[in-house]
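The chain contents come next:
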Amino acid sequence: MIPNYSKEYLKVFTKNIGYKYSLTALYGFIVILIFIGAFFLPISLVISVPLVLLPLTFGYIAANASINAGNPHPYQMMFIFYGRYFKDAFFGCFRSLFALLKGVIVYFGISTIVSIITTMWLMNTSPEFVELVKKMSDLSIENLEQIILEIEAIPGYVLAMFLNFTIPFGLAAYIFNHHLLTNAVKYFLLFSSVNPTSYREINYVHRYAFKKFRKIFYFNYYQVGLFVFILFFGGYVGGVLLSYFVFNLGSTQASIVGLFGGFILNLFLLPLLFDDMAVTFNHNRLLYAEALVEIASKAFNELKDDKDFPEDEKKKAEEFIKKSQEDLNEFKEKESIKDEEDKK
C-alpha cells in the first residue's frame, strides 16, 4: 500500500500558516510585476523567467522550508537564496532548459492538432473561407496577398488563429511549470546536505533514488497537484475568454492574462504543495543515501581491476565506500528509532 502523508504535511503547513501566506504574498507580488511586464512586452519573459522567476521561486522554496525549521526571517532567506540559485550546487536542479524543450514540443504538437481541427471546422462552416482557399491556387503573388487579407478578416478564421495559439501555449506553460515543480524535490536534498555538491551529481543521484519512490511521490504530489492542475486551467481559460470576448485582446496578451489567472488561483496553494513535497522527501531521503553508496560501489567495481588505477586511490575509494555504508546503516537505525517514536 502506498503511504499517505497528507495528515503530516497538512500539520506542517498549518503550524506556520501566517508566516507562509505573508511570504507567499510577497512572492506573488513580484511575480505579478513579471506578468505586467510581459503583458506590455511579451519578449521580456525571455529575460525575466531565467533571471528573476526561477531564482525567486528557488528562494521562495528555501524560505518556506526555513519557516518549518523555525527561521523567523523567511523574507531575508528568500532573497539570500535568490543569489545562491546561481551557484553550482543549485543552478541546474530545476533542469529548466529541458522543461523549455518539453514545453516547445508540446506547443508544436498541440498546435498542429488544433490547426487541423480548426481548419476542418472552417471548411465545414464557412463557405467564404472555402471559396477564398480555392482561389489561392490560381492567383498571382499580388492577388494572393489580397486573398490572405480577406481570409484574415473572416471572424471564424480570427477565432481559429486565436485558439491555435492560446490552447497549445496554455498546455505548454503547464508542462513547463509541472516539470519545474516536480524537479524542485531535489532542493530538499541540498537543504539537508552538509556539503552541497555539483547540481550534475545531485541530478545523477536523484535519478537513481527517485525511481524507487516515484509512485509514492506522485501519489502524494497529486493530492495537492490535482487542484493545482484544475485551478491553473480554470484561471487560464477564464482569463483567455475574458480577454477575447470582453477586452478584444490579441492571442499573446490573452495568454499572458490567462497565465496570470492560473497563477493567482494557485498562489496560496504553493506553500502546501512544497510542504507536501518536503514531507515526502523526508520520509524517503534514505533512498538518496543508498543511491550514493550504490553509485560509488558501481564506479569502484568498474575501476578496481584497471591497472592504471593507483593502489592508493583504490584504498581511498574502498575506505570511502565502507565509511558511507557505515553511515548509511547508522542513519537507518536512527530513522527506525524515530519512526517508532512517532508511532507512539
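Residues numbered from 1 in each chain as written. Predicted model: local features only at pLDDT ≥ 70, side-chain atom pairs only at ≥ 80, totals over all residues. Heavy atoms only, no water.

A.B. asks: With reference to specific residues and values, describe the side chain of S111.
C.D. replies: For S111, the position within the fold is in helix α5 (residues 96-125). Not counting chain neighbours up to four residues away, the residues in contact with S111 comprise N164 and P168. (Helix = DSSP H or I, 4+ residues; strand = E, 2+ residues; numbered from the N terminus. Contact = heavy atoms within 4.5 Å.)

A.B. asks: Could you give an account of the environment of Y82, with specific residues and numbers?
C.D. replies: For Y82, the position within the fold is in helix α4 (residues 74-84). For the pair formed by Y82 and L51, sequence separation is 31 residues and the distance between their alpha carbons is 9.7 Å. When residues no more than four places from it in sequence are discounted, the contact partners of Y82 are L51, V52, P55, L56 and G59.

A.B. asks: Could you give an account of the packing of helix α2 (residues 17-40) against helix α12 (residues 270-284), naming the residues involved and the relevant values?
C.D. replies: Between α2 and α12, the least distance of the axes is 9 Å, while the angle of their chain directions is 115 degrees. For the pair α2 and α12, the contacting residues are K20, Y21, T24 and Y27 in the first and L270, P271 and D275 in the second. The class makeup of the residues in the contact of α2 with α12 is four nonpolar, one polar and two charged. (Axes fitted to C-alpha atoms, helices over the stretch in contact; angles between N-to-C directions. Nonpolar A, V, L, I, M, F, W, Y, C, P; charged D, E, K, R; others polar.)

A.B. asks: Give a detailed account of a nonpolar patch on the surface, specifying residues and quantitative values.
C.D. replies: Nonpolar side chains collect at one region of the surface, where F29, L33, I36, F40, L41, I43, V46, I47, L51, F86 and F91 lie side by side and expose about 1200 Å² of accessible area between them. Looking at the nonpolar patch, the elements that each hand over two or more residues are α2 and α3 (45-68). Top element by residues in the nonpolar patch is α2. It accounts for four residues. By the element assignment, F86 lies in the loop between α4 and α5. Under the relative-accessibility criterion, F86 is labelled partly exposed at 39%. (Patch = residues over 30% accessible without salt bridge, like charges linked within 9 Å, V, L, I, M, F, W, Y side chains within 5 Å. Areas by Shrake-Rupley, 256 points an atom, 1.4 Å probe, with all protein chains shown as cover. Salt bridge = Lys/Arg side-chain N within 4 Å of Asp/Glu carboxyl O. Buried < 20%, exposed > 50% of the residue type's maximum accessible area, 1.4 Å probe, protein only.)

A.B. asks: I'd like a rundown of unusual backbone geometry, residues and numbers included.
C.D. replies: Although it is not a glycine, R95 adopts a positive phi angle of roughly 50 degrees. Of note, R95 is situated in the loop between α4 and α5. Positioned with a positive phi, N248 is a non-glycine residue whose angle comes to about 55 degrees. Mapped onto the elements, N248 comes out in the loop between α10 (199-245) and α11 (251-266). The class for N248 is exposed, based on a relative accessible area of 64%.

A.B. asks: How would you sum up the packing of helix α1 (residues 6-15) against α2? Please name residues and give values.
C.D. replies: Each pair of packed helices gets described by two things: the angle between the helix axes and the distance between those axes. Where α1 contacts α2, the axes come no closer than 5 Å and their chain directions differ by 75 degrees. When the axis of α1 is compared with that of α2, the two are roughly perpendicular. Here α1 contributes V12, F13, T14 and K15 to the contact with α2, which in turn contributes I17, K20 and Y21. Among the residues making up the contact of α1 with α2, the classes are represented as four nonpolar, one polar and two charged. (Parallel < 35°, antiparallel > 145°, perpendicular 65-115°, else oblique.)

A.B. asks: If you had to explain the packing of aromatic side chains to someone new, which residues and values would you point to?
C.D. replies: Here the structure, examined in full by the defined rule, presents 44 aromatic pairs. Ring plane angle 85 degrees and centroid distance 5.2 Å describe the contact between F39 and F40, whose orientation is recorded as edge-to-face. With centroids separated by 6.0 Å and ring planes inclined at 70 degrees, the aromatic side chains of Y107 and F165 adopt a geometry described as edge-to-face. Highlighted residues: Y107 in helix α5 and F165 in helix α8 (residues 155-183), separated in sequence by 58 residues. Each residue in the set F58, F81, Y82, Y85, F86, F90, F91, F94, Y187, F188 and F191 is aromatic and connected to the rest through ring pairs, giving one cluster. (Phe/Tyr/Trp six-rings, centres within 6.5 Å; stacked < 30°, edge-to-face > 60°.)

A.B. asks: Quick one: what's the story with the nonpolar core, residue by residue and with numbers?
C.D. replies: Y27, F94, Y187, F188, F274, M277 and Y288 are the most contacted members of the largest nonpolar core, which totals 77 residues. Examining the composition of this core, we find that 17 residues originate from one element, α10, more than from any other. Excluding anything up to four places from it in sequence, F188 contacts I61, A65, F274, M277, A278 and F281. (Core = buried A, V, L, I, M, F, W, Y, C linked by side-chain atoms within 4.5 Å.)

A.B. asks: Mind laying out the pattern of salt bridges, listing which residues take part and the relevant values?
C.D. replies: Taken as a whole and judged by the stated rule, the model has two salt bridges. Between K212 and E294 there is a salt bridge; the shortest N-O distance is 3.2 Å. Of this pair, K212 sits in helix α10 while E294 sits in helix α13 (residues 286-303), and the two are 82 residues apart along the sequence. Since its relative accessible area comes to 35%, E294 is described here as partly exposed.

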